[in-house]
Amino acid sequence: MTIQRIKPGPRMSGAVVHGNTVYLAGQVASQSAGKSVTEQTTEILSIIDSLLAEAGSDKSKILMANIWLTDMATFQEMNAVWDAWVSPGNTPARATVEAKLAAPQFKVEIAVIAAK
């Protein structure tokens, strides 16, 4: 079985496809870094849409999502964007936790696993 790496870098790939499963690395918002959770979540979900499309999948096929927030007080703000984006009737299993992220300008990180 082949392994396809999408947007490979020296440390990680943006996505890896193995068989009919697509694994996305944790995505952060580089363009809206330091801005609101709403703006960062919107950007991250757009990145996820692009990576899934490049892998031959889409958000209706997401199996699992992991979301990290630097402040759980922003949970509802992030959920407002997520709820408007997620595919109705195809909501994935999901975990959301509070955590310190790689750099202080990032308030949200999201990683997903999807079927092709």
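Being a predicted model, the structure only gives us computed values, none of them experimental. (Residues numbered from 1 in each chain as written. Predicted model: local features only at pLDDT ≥ 70, side-chain atom pairs only at ≥ 80, totals over all residues. Heavy atoms only, no water.)

(A) Spatial organisation of the pairing of strand E2 (residues 13–18). Bridging between strand E1 (residues 3–8) and E2 involves five bridges; their strand directions are antiparallel. The partner of Ile-6 across the bridge, within E2, is Ala-15. In this structure, the hairpin formed by E1 and E2 is closed by a connection of four residues. Here E2 pairs with strand E3 (residues 21–24) via four bridges, running antiparallel. Counted as the bridge partner of Val-16 is Tyr-23 from E3. The antiparallel pairing of E2 with E3 creates a hairpin that spans two residues between the two strands, and Gly-19 there sits at a positive phi of about 65 degrees. (Pairing = 2+ DSSP bridges. Helix = DSSP H or I, 4+ residues; strand = E, 2+ residues; numbered from the N terminus.)

(B) Expanded view of the side chain of Thr-41. Secondary-structure assignment places Thr-41 in helix H1 (residues 37–54). When near neighbours in sequence (up to four residues on either side) are disregarded, Thr-41 contacts Met-78, Val-81, Val-108 and Ile-110. (Contact = heavy atoms within 4.5 Å.)

(C) Local environment of the nonpolar core. If you look at the biggest cluster of nonpolar residues, it comprises 26 residues, and the most contacted ones within it are Val-22, Leu-24, Ile-48, Trp-82 and Ile-110. The set of elements that each furnish at least two residues to this core consists of E2, E3, H1, strand E4 (62–69), helix H2 (75–85) and strand E6 (108–115). Considering each element in turn, this core owes the most residues, six residues, to H1. With sequence-adjacent residues up to four places away left out, Val-22 is seen in contact with Ala-15, Val-16, Val-17, Leu-52, Ala-55, Ser-57, Val-112, Ile-113, Ala-114 and Lys-116. (Core = buried A, V, L, I, M, F, W, Y, C linked by side-chain atoms within 4.5 Å. Buried < 20%, exposed > 50% of the residue type's maximum accessible area, 1.4 Å probe, protein only.)

(D) Spotlight on the environment of Glu-54. Structurally, the position occupied by Glu-54 is in helix H1. Within the structure, the side chain of Glu-54 is placed 3.4 Å from the side chain of Lys-7, a separation counted as a polar contact. (Polar contact = N/O pair within 3.5 Å; in protein donor to acceptor, adjacent residues only side chain to side chain.)

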